[in-house]
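So the chains spell out like this:
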Amino acid sequence: MSSDTCNKQQHWEQVYQQKQPEQVSWYQNQPGWSLQLIKQHASPDTSLIDVGSGATGLIGDLLALGYHQLTVLDISDAALKVNQQRLGNQASLVQWLVADITQAQLPAQAYDLWHDRAVFHFLTEKPDREAYVKNLKHSLKTGGYLLISCFSEQGPEKCSGLPVVRYNAQSLAAEFGEAFVLKQQHNELHTTPFGTSQAFLYLLLQKV
Ligand SMILES: C[S@@+](CC[C@H](N)C(=O)[O-])C[C@H]1O[C@@H](n2cnc3c(N)ncnc32)[C@H](O)[C@@H]1O
C-alpha cells in the first residue's frame with residue numbers, strides 16, 4: 001500500500017471511528033437523486049457497485065427494493081462495519097471491499113451501474129483521477145451507467161477537512177472522456193446535519 005493511501009485510510013478510519021453516521025456533513029436522510037436515478041436505469045437484477053460508500057443508508061434502501069448484486073467499496077473498514085452492523089443478517093447479501101479505488105483490483109466488465117457520491121472530488125491529483133477512470137472503464141459493462149455526484153462550482157472547497165475539486169457538468173463529464181455519453185444532470189442543494197447548504201452536481205453517463 002502506498003504511503004498516500006495509508007494517510008488517506010487513516011483519515012477516513014478516524015472519521016468513522018469518531019463520528020456517528022448522522023454527524024457527518026454528507027449525511028442524507030434520503031439519498032434522493034441516487035435512488036431515483038438507480039431505479040430508473042438499473043433493474044434489481046443488475047449488478048451495482050457503490051464506490052466510497054461510507055456509512056450511507058443507500059445500501060439498505062437498495063436491498064429493500066430487491067437489488068441483490070451489490071458491491072460496496074470503501075477505503076475505510078470502519079465505515080463498512082457501521083453499514084454491516086446496521087444491515088444485520090442482510091449484510092451477507094452484499095460483497096464488501098476495503099480498498100482505495102485508485103488501486104483496487106476490480107473484475108472486468110462486472111457492473112451495470114457504478115455509483116459514486118462525494119468520492120471522486122477528493123482526487124485532486126491527475127494520476128489518481130486517471131487511475132480511477134481506468135478502473136471504471138475496466139469494470140463497468142459496455143452500455144452500463146456511471147452515476148456520479150461531486151460538489152459543483154458553488155460547493156465548498158473542502159470536505160471532511162480535505163481539499164476537493166469542484167466541477168460543472170462539462171468539466172466533470174470531460175474526466176471520463178469519449179467512452180461516456182452524458183444522459184442527465186441535476187443540481188442539489190444538500191442540507192447538512194448542521195443546517196448549512198452544500199451545492200452538489202449529479203451526472204448520469206452511459207458507457208458506449
Ligand atoms: C464524503 S464521504 C461520502 C460517503 C457516501 N458516498 C455518502 O454519500 O454518504 C467519502 C467516502 O469516500 C471514501 N473514500 C475516500 N477516498 C477514497 C478512495 N480513494 N477509495 C475508496 N474510498 C474512498 C471515504 O472513506 C468516505 O466513506
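Right above here is the structure, for reference.
These numbers come from a predicted model, not from an experiment. (Residues numbered from 1 in each chain as written. Predicted model: local features only at pLDDT ≥ 70, side-chain atom pairs only at ≥ 80, totals over all residues. Heavy atoms only, no water.)

Asks: Quick one: what's the story with unusual backbone geometry, residue by residue and with numbers?
Replies: At Gln109, a residue that is not glycine, the phi angle is positive and equals roughly 45 degrees. Residue position: Gln109 is located in the loop between β3 (94–98) and β4 (111–117). For Gln109, a relative accessible area of 40% puts it in the partly exposed group. With a phi close to 65 degrees, Ala118 is a non-glycine residue in the positive phi region. (Helix = DSSP H or I, 4+ residues; strand = E, 2+ residues; numbered from the N terminus. Buried < 20%, exposed > 50% of the residue type's maximum accessible area, 1.4 Å probe, protein only.)

Asks: Outline the site of the ligand, listing residues and values.
Replies: Around the ligand, a shell composed of 19 residues is seen, among which Tyr16, Gly52, Asp74, Asp100 and Arg117 lie nearest. Tyr16 is positioned such that a nitrogen or oxygen atom in its side chain is 2.6 Å from an oxygen atom of the ligand. Take Asp100: an N or O atom from its side chain is 2.9 Å from a nitrogen atom of the ligand. Isolated, the ligand exposes 590 Å² of accessible area, and the fraction of that covered by the protein chains is 97%. Spatially, the ligand is embedded in the largest pocket. Mapped by element, the contributors of at least two residues to the shell around the ligand are α1 (3–18) and β2 (69–74). A total of three residues in the shell around the ligand trace back to one element, the largest contributor, which is α1. Across the shell around the ligand, the residue classes tally to ten nonpolar, five polar and four charged. (Near = heavy atom within 4 Å. Polar contact = N/O pair within 3.5 Å; in protein donor to acceptor, adjacent residues only side chain to side chain. Areas by Shrake-Rupley, 256 points an atom, 1.4 Å probe, with all protein chains shown as cover. 1 Å grid on protein atoms, 1.4 Å probe; cavity = no way out; pocket = protein on both sides within 12 Å on 5 of 7 lines; lining within 4 Å. Sits in = over half its atoms within 2 Å of the grid points. Nonpolar A, V, L, I, M, F, W, Y, C, P; charged D, E, K, R; others polar.)

Asks: Requested: an account of helix α5 (residues 126–139), with residues and values cited.
Replies: Compared with the 20 Å implied by 1.5 Å per residue over 14 residues, the 20 Å span of α5 between its first and last C-alpha is a close match. Three or more residues of α5 are buried, namely Asp128, Arg129, Tyr132, Val133, Asn135, Leu136 and Ser139. One side of α5 carries all its buried residues, which in axial view fall inside an arc of 160 degrees. Along α5, exposed side chains directed more than 90 degrees from the buried face belong to Lys126, Pro127 and Lys134. (Expected span 1.5 Å × (residues − 1). Arc of directions from axis to C-beta.)

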